[in-house]
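Observations on the three-dimensional arrangement
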Amino acid sequence: MLTFTALGPFQAWAGGAPLDLGGQRQRAVLARLLVAGGRAVPVNTLIDELWPGGPPAQALSTIQGYVSRLRRALEPDRAPREEAGVLVSAPPGYALRAGTEQVDAWRFESLVKSDGTPAQVWAAMDTALGLWRGPALAEFSELSWAATEAGRLEELRLISVERRADAGLTLDRATSLVADLEAHATAYPLREEAWRLLAVALYRMGRQGDALAALRRARAVWRDELGLDLSAALQRLEGDMLAQRLEEPAPAAVPADALRVLVADDQALVRAGLRAMLAAEPGVTLAGEASNGEEAIAAVRETRPDVVLLDIQMPHLDGLAAARRILAEERPPKVVMMTTFGSDENLYAALRAGVSGFLLKTAAPEQFVAAIRAAAGGDALIDPAVTTRLISAFAGRADPASPPALAGLSDALLDVLKLVARGLTNRQIGQTLSLPEEEASLMVKSLLEHLGLFDRAQLVMAAYESGLVTPGEKAHFSSL
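Below, the structure is looked at part by part. As the structure is a prediction and not an experimental result, all values here were calculated from the model.

This paragraph deals with the packing of helix α4 (residues 104-112) against helix α6 (residues 144-170). One can describe the packing of α4 onto α6 by two numbers: an axis separation of 10 Å at closest approach and a directional angle of 40°. Considering their axes alone, α4 and α6 lie oblique with respect to each other. By crossing handedness, the relation of α4 to α6 is classed as left-handed. Of the residues in α6, those touching α4 at Ala-105, Phe-108, Glu-109 and Val-112 are Arg-152, Leu-153, Leu-156, Arg-157, Ile-159, Ser-160 and Arg-163. Broken down by class, the residue content of the contact of α4 with α6 amounts to 6 nonpolar, 1 polar and 4 charged.

Structure (structure tokens):
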């Protein structure tokens, strides 16, 4: 059977033997079609995404040549005039036709989203995690679509780790889980669920003191990194432990503990679509809605959401002005801006205002969820479909509020800044530079402090405005 692996080194296999997929860019064509999940990818999109710095004159014929050679590799016994059955023509482009069981990333995602009894969830998550053989799509990490998909898959991997552990606690397997949960919470100290699971596992082993110490560690990290106390859910857990009221592990995702999202858009149809998306996503819930900027500000004050999805163009008060006022509040939520057109100049101003990224309204639901979770975790997500055009339009523009020059930064920190500008997570930065993720996180924090900035989106702007990175440029690293 023909199979494809993307959760680790990218490869196609026939009967357990690897196939020759050609050079890097030819392999990237197949990888991009795999990422599309069976949907057609227009040829123009393939050209733009494979040559982000500007395609060669013969890009179309080059793509056609890549597809032809890939078809021969994937279906060597196909007759010359017989239609391809795997890498198919799907005007105006191409698509990968394969079953879920043939693609490890597709099978992984299906398993992570499955439900059932605790024993069934445990088995499904165990199987899902067993599919990983290394970082997803790492060989294509300099291409924005691959970096975005790798980040999405990594988030699902973390969710699967936590779902497995939650099921294990229900199955009374706390003792075997503690070591893994300790490593998980240490590696991802801003994940609330990691600390909840660790504390509950320790408590159920009879280690109440260690469970409370874990929550104290979480509080110290959050205060240092985010300037915040523990969430209300973790504070309740701490109180229950102190009063010895905790009999059973807290459920993995109850509405009170879910990420609360406020949706602000003047189009009822858009709001309805986002409502449906949030309702289908575990651990995320709708906090409220607004149809203009003034309503959004009032709703934020009333509902205190974790994240606001905010349309940039609305009546009465536009989204940019609303975002500035929301972010000026005490302990503001994270704001993710939505737009219809990637060329909107206000997006540049939105990044400067401190929003946690922006998305096209046509983005896939998975990308909205990734943006919500990234924002809640203190990170930023900028839609790759918009980034190149936006940065191309505004890179190098003089601005009195521009960050200071990059003089004084070490080569190692400049390398990290380049990778941040390419949209890589701390984990991916660590993998690229052969550093522990914790060290990569500390270097990003050092960059923010040195430049007087407060989030990754502003670091992206600093890298482009200073000329350290230019649109479409291939990154080179001094410390590799």
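Take unusual backbone geometry next. Note: most residues except glycine have negative phi, and most peptide bonds are trans. Following Pro-91, the chain continues into Pro-92 via a peptide bond in cis, with omega recorded as 10°. With respect to the helices and strands, Pro-92 occurs in the loop between β5 (87-90) and β6 (93-96). Even without being glycine, Asp-172 reaches a positive phi, approximately 65°. With respect to the helices and strands, the residue Asp-172 is situated in the loop between α6 and α7 (174-187). The exposed category is assigned to Asp-172, whose relative accessible area is 60%. Residues other than glycine seldom take positive phi values, yet Arg-304 does so here, at roughly 50°. With respect to the element layout, Arg-304 can be found in the loop between α12 (293-303) and β9 (307-311).

So, about the sheet that holds strand β1 (residues 2-5). Strand order in the open sheet formed by 3 strands is β1-β2-β3, with antiparallel pairing between adjacent strands. The open sheet has two free edges, formed respectively by β1 and β3 (17-18), since each of these has just one partner strand. In the sheet, β1 pairs with strand β2 (residues 11-14) via 4 bridges, with the strands oriented antiparallel. For Phe-4, the partnering residue across the bridge sits in β2 and is Ala-12.

How each quantity is defined
- Position numbers for residues count from 1 along each chain, tracking the sequence in the order it is written.
- Per-residue local features of the predicted model are confined to residues with pLDDT of at least 70, and side-chain atom pairs are confined, for both listing and counting, to 80 or more; whole-chain, interface and lining totals are unaffected and use all residues.
- As a rule here, side-chain values come from all non-hydrogen atoms in the structure, and water together with hydrogens is ignored.
- To obtain an axis, a line is fitted to C-alpha atoms, over the contacting stretch when the element is a helix, and the angle between two such axes runs from 0 to 180 degrees between their N-to-C directions.
- Labels follow the DSSP assignment, with helices taken as runs of H or I lasting at least four residues and strands as runs of E lasting at least two, numbered in each case from the N terminus.
- Angles are sorted into four bins: roughly parallel if under 35 degrees, roughly antiparallel if over 145, roughly perpendicular if 65 to 115, and oblique for all others.
- Working rule for handedness: look at the near helix, and if it is turned counterclockwise from the far one by less than a right angle, call the crossing left-handed; if clockwise, right-handed.
- A contact between two residues is defined here by any heavy atoms of the two lying within 4.5 Å.
- Throughout, the ten residues Ala, Val, Leu, Ile, Met, Phe, Trp, Tyr, Cys and Pro are labelled nonpolar, Asp, Glu, Lys and Arg are labelled charged, and all others, Gly among them, are labelled polar.
- Residue burial is assigned from relative accessible area. The probe radius is 1.4 Å, only protein chains are included, and a residue is buried under 20% of its type maximum, exposed over 50%, and partly exposed in between.
- DSSP-based pairing: two strands are paired if at least 2 bridges between them are found.

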